[in-house]
Every structure is written in C-alpha cells, then in structure tokens.
Amino acid sequence: MSDPAWSLHSRLKEDTIDIGDLPLSKVLVIKDAHYPWLLLVPRRTDAVEIIDLDEVQQAQLMTEISRVSRALKEITRCDKLNVAALGNLVPQLHVHIIARRTSDAAWPRPVWGVMQPLAHDAAEVQNFISALRRKIWLGERTIMSAFDAFPLGKPAFVTNILDRAAHLRRDDEKLFAMEQKPTSRAYVVYRDSLLVKRDGDKIRALLSIDEALKCGANPGTIFLGLRDGAAMFGMGLSQAAAEKLVGREDYTVTELRGMAMQGAIPPQELSAIAMAKSMVGWHQRHGYCANCGTRSAMKEGGWKRECPSCKAEHFPRTDPVVIMHVASGDKCLLGRQKQFPAGMYSCLAGFVEAAETIEDAVRREILEESGIRCTDVQYYMTQPWPYPSSLMIGCSARAVSEDIVVDHSELEDARWFSRDEAALMLTRTHPDGLAGPHPFAIAHHLLGRWVHDKS
C-alpha cells in the first residue's frame with residue numbers, strides 16, 4: 001500500500017522519532033512532548049487530507065489507528081485518547097494520537113500550543129518506544145529478534161527450501177493434477193503485500209489452494225517447485241479481491257517487508273515468497289508481446305510467456321544490482337537517501353548497465369554517487385530482492401580517494417564512519433541516534449562482516 005516515491009516531510013522528521021512502518025503508515029513518536037504522543041503518517045505522495053486516500057487506504061488507515069491506539073492506551077493506562085487527522089501547517093496527512101489524563105495541566109482543553117517542550121531521559125524514551133513496538137507489531141507474542149532471524153551472512157530471501165523441479169514445468173497435465181491435491185500450497189501476492197491467514201495470535205502465509213481461491217486469488221498459478229514432495233505455487237490477487245478482505249479477522253493483506261523485518265514470517269519461507277512475488281509481478285507487467293503487442297499466454301508453469309501471433313517467447317527477468325561496502329583503512333563510506341528513516345545510513349548501490357562487468361559497475365556507481373574512486377573490488381554474496389525482481393550483488397572495494405562529492409539526485413548525504421561507529425550503528429546504540437541497515441538486507445551483512453573483520 002505504500003508509495004515508493006513518498007518521503008516524510010522535513011518538519012515531521014525534525015520533530016519525531018521513527019519507530020517503524022505498518023502496511024500503510026509510518027509510526028512516529030513526538031519528541032519532547034508533555035504527553036505520550038504518536039503520529040501515523042500514510043506513506044502516500046500528495047495525501048494531505050483523508051479524502052486523498054482511496055477507500056481501501058482509508059479503511060486500512062482506520063485499522064492502523066485502532067491498532068496503535070489500543071497499544072498506546074494499554075501501555076500508558078491513560079484516561080482518554082485524543083485522535084486528530086491534520087495536514088494544515090505541514091502539507092502532509094498525519095494523524096495525532098495523544099494519551100491524556102484528567103490530571104493534565106491542560107485538561108480538558110486541546111494540547112496544541114498549551115505547554116512548552118519537555119526533555120525526557122533517553123532511557124525512559126527508549127523503554128517507551130520498545131514497549132510500543134512490542135505492542136504494535138508483536139502483541140504479546142515472543143518471536144525471534146532480527147539478529148536471530150538473519151544472522152551474519154544470512155539476509156532475507158537467501159534460504160531456499162524448494163526443489164524447483166524444472167522438469168515438471170512443461171507437463172501441463174501433471175501440474176494441473178498437482179494443483180488439485182490437498183497437500184499443495186500457495187503464496188498469494190498483492191503488489192508489495194502478502195495474503196496471510198490469522199491463526200489466533202499467529203499468522204500463516206502458506207495457504208491451501210482452496211483457501212487462496214476462496215479469498216479471490218487469480219486462478220492462474222505459477223509453479224514454484226516442490227517442498228517435501230508437495231507442490232508449491234504462486235498466485236496473484238486483484239485490487240477488487242484485496243478490497244473485499246479489508247476488515248476481515250481471518251485473512252488480511254499485509255506488507256511483506258514489514259512482516260519479514262519483524263520476524264512474523266519464518267525466514268526459511270522468504271525465498272519461496274520472493275520467487276512468488278517476483279513471478280506474479282512479472283506476469284502482471286508483461287501481459288503483452290513486446291514484439292507485436294498481442295496478448296501473450298502463460299506457459300511452462302508460469303516460467304515463460306508465448307505470443308500466439310508472432311510466436312515470440314518471453315522469459316522472466318532479473319535485474320542485477322551492485323551493492324558495495326567501501327573502506328579506507330579503519331573507516332567506511334555510507335550514504336543515505338531522503339526516504340530512509342531518520343539517522344539511517346547504508347551501503348551505496350546501483351544497477352549494472354548493459355555490457356558492464358560487476359567490477360566496473362561497482363567503481364562507476366561509487367564514483368557517480370560519492371565522488372570516491374576505488375579499486376580492489378571483491379565479491380561477497382548475493383541476495384534476491386523482489387522489489388520488483390533484482391539480484392543484489394554484494395561486493396567490497398578499497399577507496400583510493402577520500403574527498404566526498406555527493407550527487408544529491410541520488411543521495412541526501414554520504415559520510416565516512418569509523419569501525420567503532422559502524423558497530424554502534426548496527427546495534428542501534430549510536431549516541432547520535434544513527435543506525436545502519438536492518439539485518440533483513442544484504443547491506444547489514446556487508447557492513448557487519450567488515451566490522452567483525454579487524455585483520
């Protein structure tokens with residue numbers, strides 16, 4: 001539901017602490033407020049009023065307001081919550097959720113402009129944020145931390161549990177028969193989100209074919225492979241079907257990235273989910289022959305499209321992206337884009353161009369984005385990245401210059417960081433509130449390897 005082009009308004013960024021993302025909204029804590037005060041900001045470009053959201057987004061926003069409000073009230077045990085959607089002084093829709101007590105100095109008046117900012121103890125603020133995160137994203141469940149879910153060298157989407165069984169893709173009769181088996185399962189994708197079933201306080205992403213179809217999944221399946229002999233498929237969900245699921249308690253459509261980062265989906269399932277997401281997205285974007293414009297047909301279990309007119313064959317694409325850790329002695333180069341959470345820095349990255357080697361792409365991207373020249377490019381590992389369908393090629397490089405010239409069309413900032421600073425950023429304990437990339441992403445592992453390798 002989020003918009004990739006969206007970025008948080010500078011005024012909101014300045015006054016808040018980013019604590020995480022829900023499927024539609026970013027959740028923020030107002031700094032130095034007399035009251036426990038949260039903001040929900042829908043990640044939709046040009047949304048200034050609630051009516052700027054479509055009906056599905058409005059319903060999702062109401063769900064998220066309710067979810068965050070319940071969490072805030074349980075933590076603070078306040079007498080009343082003030083909730084207001086605004087976009088006046090800051091031209092970006094944001095919802096205030098404020099915990100109030102009848103003993104407040106301003107009670108029962110609104111809080112705006114009544115009291116001056118109040119500095120809080122850093123530990124107190126961090127405890128409050130930790131409690132909120134547990135309530136909002138995890139409820140009372142205990143799940144593995146990001147560092148447990150994605151230990152060094154194991155980012156998301158790299159643990160493959162499927163036998164792709166490519167020899168079965170051309171056997172339409174066999175594939176149809178496997179779809180009918182009660183043991184067959186499917187991942188159902190809607191844009192950057194996933195259809196999941198709620199089982200008590202847990203969620204389940206792997207659905208039976210019957211469950212998927214009853215929720216409105218498209219009948220055309222993509223054969224992902226076999227898991228312990230059972231067939232696994234990828235299926236898509238239309239916008240109309242997704243809208244019908246809004247408000248249901250048993251099934252919900254939830255953003256994949258947020259669920260994965262919070263550990264709500266077992267890490268070993270993410271590779272198959274990435275495959276389903278990439279393949280469903282490719283079919284949705286490439287329904288017509290690029291050669292003659294005729295509607296093409298899915299073939300070979302979804303791993304090919306064929307034009308009935310000119311007989312051209314079209315195959316799923318994967319876009320190679322280099323992502324690199326650049327070091328100069330005991331310091332490393334990190335950058336940030338304007339849409340990053342406040343204080344977050346990560347490794348530089350960019351697409352490999354036509355007829356370009358990986359090594360040349362690393363050197364070119366670093367020079368273009370930061371003005372730094374480098375050498376000694378070394379390969380580390382890769383990570384499938386289904387946004388929409390890339391392969392992140394992790395590399396390291398040694399800088400031979402240190403004067404940074406930022407390309408502000410690509411980056412908001414780029415800086416050198418010491419090894420000690422980088423270690424603090426990875427564990428979210430930097431005194432200035434700076435942070436490194438999440439363990440979900442290969443960038444965390446590139447940086448973590450360098451931090452731990454002091455030789």
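Right above here is the structure, for reference.
A few points on the structure. For clarity, every value in this text was computed on a predicted model and none was experimentally measured.

## Here's the deal with the pairing of strand E1 (residues 16-21)
- Where E1 lies against strand E2 (residues 25-30), five bridges are found, and the strand directions are antiparallel. Within E2, the residue paired with Thr-16 across the bridge is Ile-30.
- Where E1 folds back on E2, the antiparallel hairpin that results is connected by three residues.

## Notes on the sheet that holds strand E15 (residues 313-314)
- Spatial ordering of the open sheet is given by E13-E14-E15, a layout of three strands whose pairing is antiparallel. The sheet is open, and its two edges are formed by strand E13 (297-299) and E15, each paired on a single side.
- Across two bridges, the pairing between strand E14 (residues 304-306) and E15 is antiparallel. If you follow Arg-305 over to E15, its bridge partner there is His-314.

## With respect to the packing of aromatic side chains
- Inspection of every chain in the model, using the stated rule, returns seven aromatic pairs.
- Each ring, one from Tyr-345 and one from Phe-417, has its centre 5.1 Å from the other, and the planes form 65 degrees; the classification is edge-to-face. In this pair, Tyr-345 sits in the loop between strand E17 (331-336) and strand E18 (348-351) while Phe-417 sits in strand E21 (residues 413-418), placing the two residues 72 residues apart along the sequence.
- Linked through ring pairs, Phe-150, Phe-157, Trp-385, Tyr-387 and Phe-440 together constitute an aromatic cluster.
- The ring of Trp-416 has Lys-331 sitting right over it, with the charged end atom 5.6 Å from the ring centre.
- Sitting above the plane of the Tyr-345 ring, Arg-336 keeps its charged end 5.9 Å from the centroid.

## Details of empty space enclosed by the protein
- Inspection of every chain in the model, using the stated rule, returns one cavity of 30 Å³ or more.
- In this structure, the largest cavity spans a volume of roughly 80 Å³.
- In this structure, the largest cavity is lined by Trp-6, Leu-8, Lys-13, Thr-16, Asp-18, Lys-26, Leu-28, Lys-338, Gln-339, Phe-340, Pro-341 and Ala-342.
- Elements supplying a minimum of two residues to the lining of the largest cavity: E1 and E2.
- Classifying every residue of the lining of the largest cavity by side-chain character gives six nonpolar, two polar and four charged.

## Considerations on the environment of Gly-236
- Looking at the element boundaries, Gly-236 is found in strand E11 (residues 230-236).
- The exposure class of Gly-236 is buried, given its relative accessible area of 5%.
- In this structure, Gly-236 is in contact with Val-188, Val-189, Ala-217, Asn-218 and Val-280, ignoring residues within four places of it in sequence.

## A closer look at the side chain of Glu-365
- Summarising the element assignment, Glu-365 is placed in helix H10 (residues 358-370).
- For Glu-365, a relative accessible area of 8% gives the class buried.
- Polar side-chain contacts of Glu-365 include one of 3.1 Å to the side chain of Arg-364.
- Setting aside its immediate chain neighbours within four residues, Glu-365 contacts Val-322, Met-324, Ala-349, Gly-350 and Phe-351.

## Focus on the nonpolar core
- Ranked by size, the top nonpolar core spans 52 residues in total, and within it Phe-157, Tyr-187, Leu-194 and Leu-270 carry the most contacts.
- Ranked by the residues each element gives to this core, the list is headed by helix H9 (residues 270-285), at eight residues.

## Thoughts on helix H11 (residues 419-426)
- Taken together, the buried positions of H11 are Arg-419, Ala-422, Met-425 and Leu-426. Viewed end-on, H11 has its buried residues packed into an arc of 120 degrees, placing them on one side of the element.
- Looking one or two places after H11, you find Arg-428, whose phi comes out positive at around 60 degrees.

Cut-off values and rules
- Residues numbered from 1 in each chain as written.
- Predicted model: local features only at pLDDT ≥ 70, side-chain atom pairs only at ≥ 80, totals over all residues.
- Heavy atoms only, no water.
- Pairing = 2+ DSSP bridges.
- Helix = DSSP H or I, 4+ residues; strand = E, 2+ residues; numbered from the N terminus.
- Phe/Tyr/Trp six-rings, centres within 6.5 Å; stacked < 30°, edge-to-face > 60°.
- Lys NZ or Arg CZ within 6 Å of the ring centre and 35° of its normal.
- 1 Å grid on protein atoms, 1.4 Å probe; cavity = no way out; pocket = protein on both sides within 12 Å on 5 of 7 lines; lining within 4 Å.
- Points joined across faces, edges and corners; volume = space filled by probe spheres on them.
- Nonpolar A, V, L, I, M, F, W, Y, C, P; charged D, E, K, R; others polar.
- Buried < 20%, exposed > 50% of the residue type's maximum accessible area, 1.4 Å probe, protein only.
- Contact = heavy atoms within 4.5 Å.
- Polar contact = N/O pair within 3.5 Å; in protein donor to acceptor, adjacent residues only side chain to side chain.
- Core = buried A, V, L, I, M, F, W, Y, C linked by side-chain atoms within 4.5 Å.
- Arc of directions from axis to C-beta.

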